[in-house]
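# Structure at a glance
Below are the chains, spelled out letter by letter.
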Amino acid sequence: MNTKISRSSTDTYYPLFVQIAGRLCVVIGGGGIAERKVKSLLRFGAAVRVISPRITKPLRTLYEKGKIELELREFRSGDTDGAVLVFAATNDRTINSHVNAEARSRSVLVNVVDDPDLCEFIVPSIIRGRSITIAISTSGTAPMASKKIRKQLESS
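A brief look at the structure comes next. (Residues numbered from 1 in each chain as written. Predicted model: local features only at pLDDT ≥ 70, side-chain atom pairs only at ≥ 80, totals over all residues. Heavy atoms only, no water.)

### So, unusual backbone geometry
With phi around 60 degrees, Ser107 is a residue other than glycine that occupies positive phi space. One can find Ser107 in the loop between helix H3 (93-105) and strand S5 (109-112). Judged by relative accessible area, which is 69%, Ser107 ranks as exposed. Even without being a glycine, Asp114 presents a positive backbone phi close to 65 degrees. (Helix = DSSP H or I, 4+ residues; strand = E, 2+ residues; numbered from the N terminus. Buried < 20%, exposed > 50% of the residue type's maximum accessible area, 1.4 Å probe, protein only.)

Here's what the structure looks like:
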């Protein structure tokens, strides 16, 4: 199954702020990276569903507090239905590829963590104040650089 996007060196992402408050975002995976994605989505009011056979203790706590939905199992067909965004955050390239293919077939935007060729969107470094949000992106090519810029701006 080849779900890679053909990208050229001139390709960039269209900057966009999306209202996700109350909307379903699905995270496939239950490790540390998935945990960071979930916490970020919750900061912006998303309804979050995590699907993974194993999860971190902080994800379990979020579930026990009623902050997220949780399905302790492997990914299966139909898991992206109804989602506005999907994150594949497993350490299994085959599963991530299946998540990507399903989301695309349902016209759901998908981000495959640490695999820019399978991403339809990327998550920038974010600075969020009371009335301003700044997003910094290198179009997925240098995430550490955008993080460094974010830290410099935050300390200014």
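### Topic: the pattern of salt bridges
Following the criterion strictly, the structure yields nine salt bridges and no others. Across the salt bridge formed by Glu102 and Arg106, the nearest N and O atoms sit 3.9 Å from each other. Since its relative accessible area comes to 8%, Glu102 is described here as buried. Connected through shared salt-bridge partners, Arg49, Glu69, Glu71, Arg73 and Asp79 make up one network. (Salt bridge = Lys/Arg side-chain N within 4 Å of Asp/Glu carboxyl O.)

### Examining the sheet that holds S5
With parallel pairing, five strands are arranged side by side in an open sheet as S3-S2-S1-S4-S5. Looking at the sheet topology across the chains shown, the edges are occupied by strand S3 (69-71) and S5. Neighbour-to-neighbour, the strand axes of the sheet open up by a mean angle of 15 degrees, direction not taken into account. (Pairing = 2+ DSSP bridges. Axes fitted to C-alpha atoms, helices over the stretch in contact; angles between N-to-C directions.)

### Topic: the nonpolar core
Of all hydrophobic cores here, the largest spans 20 residues; its most connected members are Val27, Val38, Leu41, Val48 and Val50. Of all elements in the fold, only strand S1 (24-28), helix H1 (32-43), strand S2 (47-51), helix H2 (57-64) and strand S4 (85-88) reach the threshold of two or more residues within this core. Apart from the residues within four sequence positions on either side, Leu41 is in contact with Ile20, Cys25, Val27, Ala46, Val48 and Phe87. Of all hydrophobic cores here, the second largest spans 15 residues; its members include Phe75, Ala88, Val110 and Val112. (Core = buried A, V, L, I, M, F, W, Y, C linked by side-chain atoms within 4.5 Å. Contact = heavy atoms within 4.5 Å.)

### Quick notes on the side chain of Arg73
Take Arg73: it is sitting in the loop between S3 and S4. We classify Arg73 as buried; its relative accessible area is 16%. Within the structure, Arg73 has its side chain in polar contact with the side chain of Glu71 (distance 2.4 Å). Dropping the residues within four chain positions of it, Arg73 is found in contact with Ile51, Ser52, Pro53 and Asp79. (Polar contact = N/O pair within 3.5 Å; in protein donor to acceptor, adjacent residues only side chain to side chain.)

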